[in-house]
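In case you want the letters, here they are:
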Amino acid sequence: MTTTAIPTGEKRATAPTTRRRTKRERQGAAWVFLSPWVLGASVLTLLPMAVSLYLSFTDYNLFDPPHWVGLRNYTQMFTEDPRYWRSVTTTLMYVVIAVPLQLALALVVALALKSMKRGKAFYRSAFYAPSLLGASMSIALVWRAVFNDGGTVDNLFGTGGWVNRPGWALLAVALLTVWQFGAPMVIFLAGLQQIPAELYEAAAVDGAGTWRQFLSVTVPMLSPVLFFNLVLQTIQAFQVFTPAFAVSAGKGGPADSTLVYTMYLYDRGFVASHMGYASAMAWVLLLVIGVVTAVLFRTSRSWVFYASEGER
């Protein structure tokens with residue numbers, strides 16, 4: 001029996017070819033598994049965004065073909081529409097009220113749950129439940145009834161119907177968002193459980209009390225989680241719609257006090273059939289959220305502490 005020896009040079013030549021073939025096979029398998037996401041992102045996100053960008057430069061009423069008008073929608077928005085600026089002011093006020101209150105309440109409840117010995121799972125689920133229910137229209141309608149004339153708040157405190165008073169209606173909408181503190185609470189609780197107990201013991205040995213331990217240990221170690229929640233809740237607050245729509249019965253009243261940005265966008269696009277104008281508003285909102293997020297990331301360098309890096 002004779003054997004034919006394969007030259008060494010031929011073996012070396014086939015090895016890179018085999019590696020390239022294996023790499024291509026792995027890439028092909030990856031694209032097969034990614035294809036549903038790529039298709040969905042392209043058809044349901046990227047394509048609608050491109051169409052929306054085009055419509056923002058047109059006069060389009062949902063029935064007639066779009067008519068190119070250039071920057072007219074944007075100039076009208078910034079210079080000729082006082083309700084647009086009222087919606088901007090209302091949204092900014094809502095963000096300033098709702099986000100800090102929600103994060104503060106979530107952190108307080110997370111600290112309380114961390115120190116509990118029994119029933120932690122039950123209370124964690126109970127406090128998280130409003131985050132699942134609060135975004136629904138039914139809960140928003142119940143909230144309107146609670147803060148309406150003759151509602152629960154009126155009967156308990158005699159303050160009248162908040163939803164019918166321009167100075168209080170936006171606060172009622174913000175409180176509905178604050179009530180949905182379950183999601184940031186769970187994230188805070190997870191972050192608190194990752195803080196080493198040795199840090200608190202060392203602070204106690206140095207004579208630090210509870211408040212000093214909170215400021216010197218909890219806040220710095222929890223700052224990445226706080227930053228994460230701040231970014232998420234700020235983005236969501238700029239896009240608030242359902243609570244304001246339900247509380248104001250879809251009108252943004254009284255006196256446009258609950259006319260948040262997305263509600264005015266909905267009014268321009270689907271009530272007045274000015275879809276080109278609404279598309280321009282949507283792109284301005286996207287840019288504003290991007291700028292606010294970039295500012296938060298930029299300023300985080302001065303107050304977010306990462307223990308693995310040992311720097312601020």
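Residues numbered from 1 in each chain as written. Predicted model: local features only at pLDDT ≥ 70, side-chain atom pairs only at ≥ 80, totals over all residues. Heavy atoms only, no water.

**A look at the packing of aromatic side chains**
Piece 1. Inspection of every chain in the model, using the stated rule, returns 16 aromatic pairs.
Piece 2. Look at F57 and W68: their rings are 5.6 Å apart centre to centre, the planes differ by 25°, and that puts the pair in the stacked class. Here F57 is found in the loop between helix 1 (8-55) and strand 1 (58-59), whereas its partner W68 is found in strand 2 (residues 67-68), with eleven residues between them in sequence.
Piece 3. Measuring from centroid to centroid gives 5.7 Å for F245 and Y266, while their planes differ by 85°, and the two rings are edge-to-face. Here Y266 lies in helix 12 (residues 261-271) and F245 lies in helix 11 (residues 242-247), a separation of 21 residues in the sequence.
Piece 4. With relative accessibility at 22%, the residue F245 sits in the partly exposed group.
Piece 5. By relative accessible area, Y266 is classed as partly exposed at 32%.
Piece 6. Joined through ring pairs, the aromatic side chains of Y54, F57, W68 and Y74 make up one cluster. (Phe/Tyr/Trp six-rings, centres within 6.5 Å; stacked < 30°, edge-to-face > 60°. Helix = DSSP H or I, 4+ residues; strand = E, 2+ residues; numbered from the N terminus. Buried < 20%, exposed > 50% of the residue type's maximum accessible area, 1.4 Å probe, protein only.)

**Looking at the packing of helix 10 (residues 210-238) against helix 13 (residues 275-299)**
Piece 1. Close contact between helix 10 and helix 13 brings their axes to 10 Å; oriented N to C, the two are set at 165°. One way to sum up the angle between helix 10 and helix 13 is to call them roughly antiparallel. In terms of crossing hand, the pair formed by helix 10 and helix 13 is right-handed. Note on element contacts: helix 13 touches helix 10 through L285, V288, I289, V292, T293, L296 and F297, opposite F227, L230, V231, T234, I235 and F238. (Axes fitted to C-alpha atoms, helices over the stretch in contact; angles between N-to-C directions. Parallel < 35°, antiparallel > 145°, perpendicular 65-115°, else oblique. Left-handed = near helix turned anticlockwise from the far one by under 90°. Contact = heavy atoms within 4.5 Å.)

**Comments concerning the packing of helix 9 (residues 197-205) against helix 10**
Piece 1. Following both chains from N to C, one finds helix 9 and helix 10 inclined at 160°, their axes separated by 10 Å at the closest point. In terms of axis orientation, helix 9 runs roughly antiparallel to helix 10. The two elements helix 9 and helix 10 cross, and the hand of that crossing is right-handed. Facing helix 9, whose interface residues are L199, Y200, A203 and A204, helix 10 presents Q213, V217, T218 and M221.
Piece 2. Across the contact of helix 9 with helix 10, the residue classes break down as six nonpolar, two polar and no charged. (Nonpolar A, V, L, I, M, F, W, Y, C, P; charged D, E, K, R; others polar.)

**Concerning the pattern of salt bridges**
Piece 1. Enumeration over the complete set of coordinates arrives at four salt bridges.
Piece 2. Where R72 meets D59, a salt bridge forms, and the shortest distance between an N and an O atom there is 3.7 Å. In this pair, R72 sits in helix 2 (residues 72-79) while D59 sits in strand 1, placing the two residues 13 residues apart along the sequence.
Piece 3. Taking the relative accessible area as the measure of exposure, D59 reaches 37% and is therefore partly exposed.
Piece 4. We note a salt bridge from R268 to D267, for which the minimum N-O separation is 3.0 Å.
Piece 5. Linked by salt bridges that have partners in common, R83, R86 and D256 make up one network. (Salt bridge = Lys/Arg side-chain N within 4 Å of Asp/Glu carboxyl O.)

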